[in-house]
Amino acid sequence: MPVCCRVLVLISGNGSNLQAIIDGCDDNVDAEVVGVISNKPDAYGLVRAHHAEINTSCVIARKDERRQQYDSRLQQAIEQYQPDLIVLAGFMRILSDEFVSQYIGQMVNIHPSLLPKYAGLHTHQRALDAKDKEHGASVHFVIPELDAGPVILQAKVPVYEDDTVETLSSRVHEQEHAIYPLVVKWFSLNRLKMLENQAYLDDQLIGIHGYAPD
Ligand SMILES: Nc1nc2c(c(=O)[nH]1)N[C@@H](CN(C=O)c1ccc(C(=O)N[C@@H](CCC(=O)O)C(=O)O)cc1)CN2
Ligand SMILES: NCC(=O)N[C@@H]1O[C@H](COP(=O)([O-])[O-])[C@@H](O)[C@H]1O
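All chains use their own residue numbering, which begins from 1 and follows the written sequence. All chains are assigned letters beginning at A, and all ligands numbers beginning at 1, according to the order in which they are written. Confidence filtering applies because this is a predicted model: local features only for residues at pLDDT of at least 70, side-chain atom pairs given and counted only at 80 or more, and all residues used for totals across whole chains, interfaces and linings. Note that water and hydrogens are dropped before the side-chain values are worked out from all heavy atoms of the structure.

Participant: How do you make sense of the sheet that holds strand β2 (residues 31-38) when you look at a structure like this?
Facilitator: Consider a sheet: its strands pair through backbone hydrogen bonds, and that pairing is either parallel or antiparallel. Strand order in this open sheet of seven strands is β3-β2-β1-β4-β5-β6-β7, and the pairing throughout is mixed. Only two strands of the sheet have a single partner each, and these edge strands are β3 (56-58) and β7 (151-158). This sheet shows a mean twist of 20° between the axes of neighbouring strands, independent of strand direction. By the bridge criterion, seven bridges tie strand β1 (residues 5-11) to β2 in an arrangement that is parallel. The residue of β2 that forms the bridge with R6 is E32. Contacts between residues were defined by any pair of non-hydrogen atoms, one from each residue, lying within 4.5 Å. Note on geometry: axes are C-alpha line fits, over the in-contact stretch for helices, and angles between N-to-C directions span 0 to 180 degrees. Secondary structure elements are defined from DSSP: runs of H or I of at least 4 residues count as helices, runs of E of at least 2 residues count as strands, and each element is numbered from the N terminus. Along the sheet, helix α2 (residues 44-51) contacts β1, β2 and β3; its crossing angle with β3, the most-contacted strand, is approximately 155°. The sheet strands contacting helix α3 (residues 67-81) are β1, β2, β3 and β4 (85-88), and the helix crosses β2 at an angle near 155°. Any two strands are treated as partners once DSSP identifies two or more bridges connecting them.

Participant: I'm lost on the site of ligand 1 in this one. Help?
Facilitator: Residues in close proximity to ligand 1 total 19 residues, the closest being R93, I94, L95, N109 and D147. Between ligand 1 and R93, the relevant distance is 2.7 Å, taken from a nitrogen atom to a main-chain nitrogen or oxygen of the residue. In this description, accessible areas are obtained by the Shrake-Rupley approach with a 1.4 Å probe, and a residue is regarded as covered only by the protein chains that are shown. Taking 710 Å² as the accessible area of ligand 1 by itself, protein coverage stands at 78%. Broken down by element, the residue count for the shell around ligand 1 peaks at three residues, all from strand β5 (residues 107-111). Classifying every residue of the shell around ligand 1 gives twelve nonpolar, three polar and four charged. Residues are classed as near a molecule or strand on a simple rule: at least one heavy atom within 4 Å of it. Polar contacts here mean pairs of N or O atoms no more than 3.5 Å apart (in protein, one a potential hydrogen donor and the other a potential acceptor; neighbouring residues in sequence count only if both atoms are side-chain atoms). When residue character is reported, Ala, Val, Leu, Ile, Met, Phe, Trp, Tyr, Cys and Pro are called nonpolar, Asp, Glu, Lys and Arg charged, and the others, Gly included, polar.

Participant: What am I meant to see in the site of ligand 2 here?
Facilitator: What surrounds ligand 2 is the set N14, G15, S16, N17, G90, M92, I110, H111, P112, G120, H173 and E176. Between ligand 2 and G15 there is a distance of 2.8 Å, counted from an oxygen atom to a backbone nitrogen or oxygen. Residue S16 places a side-chain N or O atom 2.5 Å away from an oxygen atom belonging to ligand 2. For ligand 2, whose accessible area on its own is 450 Å², the fraction buried by protein is 85%. A breakdown of the residues in the shell around ligand 2 according to their chemical character gives three nonpolar, eight polar and one charged.

Participant: Is there a simple way to explain the UniProt feature "active site" (unreviewed entry) in the protein chain in this structure?
Facilitator: Here, the residues flagged by UniProt with the feature "active site" (unreviewed entry) are H111. Tracing the backbone shows H111 in strand β5. Accessible area is worked out with a 1.4 Å probe on protein chains only. A residue is then buried under 20% of its type maximum, exposed over 50%, and partly exposed in between. A relative accessible area of 3% places H111 in the buried class. UniProt positions are given in the numbering used here, feature names are shortened, and annotations may be inferred rather than shown by experiment.

Participant: What is the right way to look at the packing of aromatic side chains in this model?
Facilitator: Aromatic ring pairs are defined here through the distance separating the ring centres and the angle between the ring planes. Pairing of aromatic rings covers Phe, Tyr and the six-membered ring of Trp, with a centre-to-centre limit of 6.5 Å; geometry is then stacked below 30 degrees between planes, edge-to-face above 60, and tilted otherwise. Applying the stated criterion across every chain, the model contains two aromatic pairs. Should the NZ of a Lys or the CZ of an Arg lie within 6 Å of a ring centre and within 35 degrees of the ring normal, that charge is described as sitting over the ring. The aromatic ring of Y70 is capped on one face by R93, whose charged end is 3.9 Å from the ring centroid.

Participant: Looking at this structure, how should I read the UniProt feature "binding site: (6R)-10-formyltetrahydrofolate" (unreviewed entry) in the protein chain?
Facilitator: Within the UniProt annotation, "binding site: (6R)-10-formyltetrahydrofolate" (unreviewed entry) is assigned to R67, M92, R93, I94, L95 and N109. Along the polypeptide, R67 turns up in helix α3. If we skip the residues at most four places from it in the chain, R67 touches R93, I94 and S96. For L95, the location among the structural elements is in the loop between β4 and α4 (97-101). Filtering out sequence-adjacent residues up to four positions away, L95 remains in contact with D71, L74, L88, V100 and M107.

Shown next as structure tokens:
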């Protein structure tokens, strides 16, 4: 029985969020990680995918390659997996506007801050420098503007006076691993409901016109 939601995960590094999503796609979730794409050949997330018997691809940036050229190769790799949901999980490349515009509503990202605070890089250090009392993680839809897409789910953590980037990022990571699998489940349930509604409408059209649209 094919799953309702085919999930493709893009990574650049350790893949702890990938692992949380793999572990979260259990019998209670009608979703499956069908592939992992990395822009770094030594990303440990590729090892995690191999252990889970998930197909992988590497799309490595070439010297002096324009962003659009890279994205075109990335798109070819993505299309092989025919995903319903594309999950950026520590994928450390800014994607071109035309590339992202093809996947609006189908591509999500996890960002280590309480967006709209601290878009971009080095978020934990920035929160410490600002002496913030709270920090966290955000899952958002990806749009061309960096880290500016509609937020789907956030998790907050306290910031302690003796925190370092290491202690704070570890506390944020724990919350990331809780919320990202929830977002995958939410997206899968929404897709299932959409497919059921479409089937209902097709049945109604057969009743009215004697046929369903192609
Ligand atoms: N068009 C978009 N692309 C990406 C988004 C987005 O919202 N819109 N989210 C990012 C993820 N991200 C933070 O969550 C992020 C990733 C990478 C960078 C960045 O500056 N990358 C540099 C290279 C850095 C490196 O190689 O270490 C770059 O691409 O030049 C900022 C934020 C994913 N893409
Ligand atoms: N701007 C993007 C960004 O910084 N993403 C961050 O990269 C880490 C990847 O960890 P992982 O490889 O262990 O999932 C995560 O903490 C994620 O929030």
